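Structural features, examined
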Amino acid sequence: MAIKSMTGFARTEGATGTTRWAWEIRTVNGRNLDLRLRLPPGFDALEPTVREIAAATFQRGSIQIGLTLKRDEGISEIRLNEQVLAQVLTAAGRVRELTGAPAPTVEGLLGLRGVLETVDVSETKAETDQLAALLLSSFREAAAGVVAARVSEGLRLQTVLLDQVREIERLTRAIEDNPNRTAPAIKRRIAEQVARLLDASSSLDPTRLHQEAVLVATKADVEEELKRLVVHVAAARETLGTREAVGRKLDFLAQEFNREANTVCSKAGDSTVTALGLSLKTVIEQFREQVQNIE
């Protein structure tokens, strides 16, 4: 299963006899699976199966499912109302006895109101079951279309995310290789700061200042954060190469990326390192935004 976006759309249409229908499925990003159905009156019995199919097809996202259905004018047939006809014949016989009138013609009898009646032909249970089966088959086709759309969009997002991971790695390496965060550079900056403090006040204890400087240097070291960023980069690449739903994993990695970048920026003692850290945070935020669309 390829990486999928949570954005997709599909529509399928079908017809049988006098009935025509169309399914539409729209999906957008969502933290969990949220199914919303809109079925026409009289087709509520389809809902449990439709939900079951959707739950088996989609893992995350806001899913809107709609069915529209139209029927042509119902098929009608003419039926002879034998009860009415019998009453008419009885009355006609009595009239003949009383008046000697001729027997009524067939055309005359059929023209009397109520002898012939028009009735709509109702669907049999077999026909109702057949229509339900066709509708569900059409829905499965629409769901497969949405999956195809989400896969296509997922491939595009995968390319974007891999580019962003490469940029995160580049900026991490740039911070790691920055000459201003080497031990000699840090030592020189701290020595300059200590010298300024000593010049400002002769009462300061040089030994205590040295100890404080070592502590500051230790706190300013971002080596561990950079190592963790490298590990997270490898994890992101591995996750993007898997064939399963990875949206939640990538969301967690985005949070971890951001945590390390924030620490790098807060501990940076040099403006160039800070600038790189801010650029890193920008790319990570872009990564996080794209991840919100991954199933």
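The model shown is predicted, which means the values in this text are computed figures rather than measured ones.

This part covers the packing of helix α1 (residues 47–57) against helix α4 (residues 125–177). Two quantities define a packed helix pair, namely the angle between the axes and the distance from one axis to the other. Between α1 and α4, the least distance of the axes is 11 Å, while the angle of their chain directions is 25°. Of the possible angle classes, the one that applies to α1 and α4 is roughly parallel. The two elements α1 and α4 meet at a crossing, and its hand is right-handed. Within the contact between the two elements, α1 uses Thr49, Val50, Ile53, Ala54 and Thr57 and α4 uses Leu136, Phe139, Arg140, Ala143 and Val147. Residue composition of the contact of α1 with α4, by class: seven nonpolar, two polar and one charged.

Note on strand geometry: in a regular strand, side chains alternate between the two faces of the sheet. As paired elements, strand β1 (residues 8–16) and strand β2 (residues 19–28) share nine bridges and run antiparallel to each other. By the bridge assignment for β2, Ala15 is matched with Arg20. The turn linking β1 back onto β2 is made up of two residues, and Gly17 within it adopts a positive phi angle of 60°. Of the pairings in the sheet, the one linking β2 to strand β4 (residues 61–71) comprises ten bridges and is antiparallel in character.

Turning our eyes to something else, we now look at the packing of aromatic side chains. The full count for this structure, using the stated rule, is two aromatic pairs. With a centroid separation of 4.9 Å and an interplanar angle of 55°, the aromatic rings of Trp23 and Phe139 are classed as tilted. Taken together, the residues span a long stretch of sequence, with Trp23 in strand β2 and Phe139 in helix α4 at a distance of 116 residues. A relative accessible area of 0% places Trp23 in the buried class. Both rings, one in Phe257 and one in Phe287, keep their centres 5.8 Å apart while their planes meet at 90°; by these two values the pair is edge-to-face. Residue Phe257 is found in helix α8 (residues 247–267), and its partner Phe287 is found in helix α9 (residues 271–291); the two are separated by 30 residues along the sequence.

As a further point, take the pattern of salt bridges. Between side chains of opposite charge, a pair can form as their charged atoms come close. Inspection of every chain in the model, using the stated rule, returns 19 salt bridges. Between Glu167 and Arg170 there is a salt bridge, with its nearest N and O atoms 2.8 Å apart. Taken together, the residues span about one helical turn, with Glu167 and Arg170 both in helix α4 at a distance of three residues. In this structure, Arg228 engages Glu260 in a salt bridge whose closest nitrogen and oxygen atoms are separated by 2.9 Å. One end of the pair, Arg228, is in helix α7 (residues 223–240); the other, Glu260, is in helix α8, with 32 residues separating them in the sequence. On the basis of relative accessible area, Arg228 is assigned to the partly exposed category, the value being 34%. Under the relative-accessibility criterion, Glu260 is labelled buried at 4%. A network of salt bridges, in which partner residues are shared, links Arg11, Glu13, Glu24 and Arg26.

Conventions used here
Residues numbered from 1 in each chain as written. Predicted model: local features only at pLDDT ≥ 70, side-chain atom pairs only at ≥ 80, totals over all residues. Heavy atoms only, no water. Axes fitted to C-alpha atoms, helices over the stretch in contact; angles between N-to-C directions. Helix = DSSP H or I, 4+ residues; strand = E, 2+ residues; numbered from the N terminus. Parallel < 35°, antiparallel > 145°, perpendicular 65-115°, else oblique. Left-handed = near helix turned anticlockwise from the far one by under 90°. Contact = heavy atoms within 4.5 Å. Nonpolar A, V, L, I, M, F, W, Y, C, P; charged D, E, K, R; others polar. Pairing = 2+ DSSP bridges. Phe/Tyr/Trp six-rings, centres within 6.5 Å; stacked < 30°, edge-to-face > 60°. Buried < 20%, exposed > 50% of the residue type's maximum accessible area, 1.4 Å probe, protein only. Salt bridge = Lys/Arg side-chain N within 4 Å of Asp/Glu carboxyl O.

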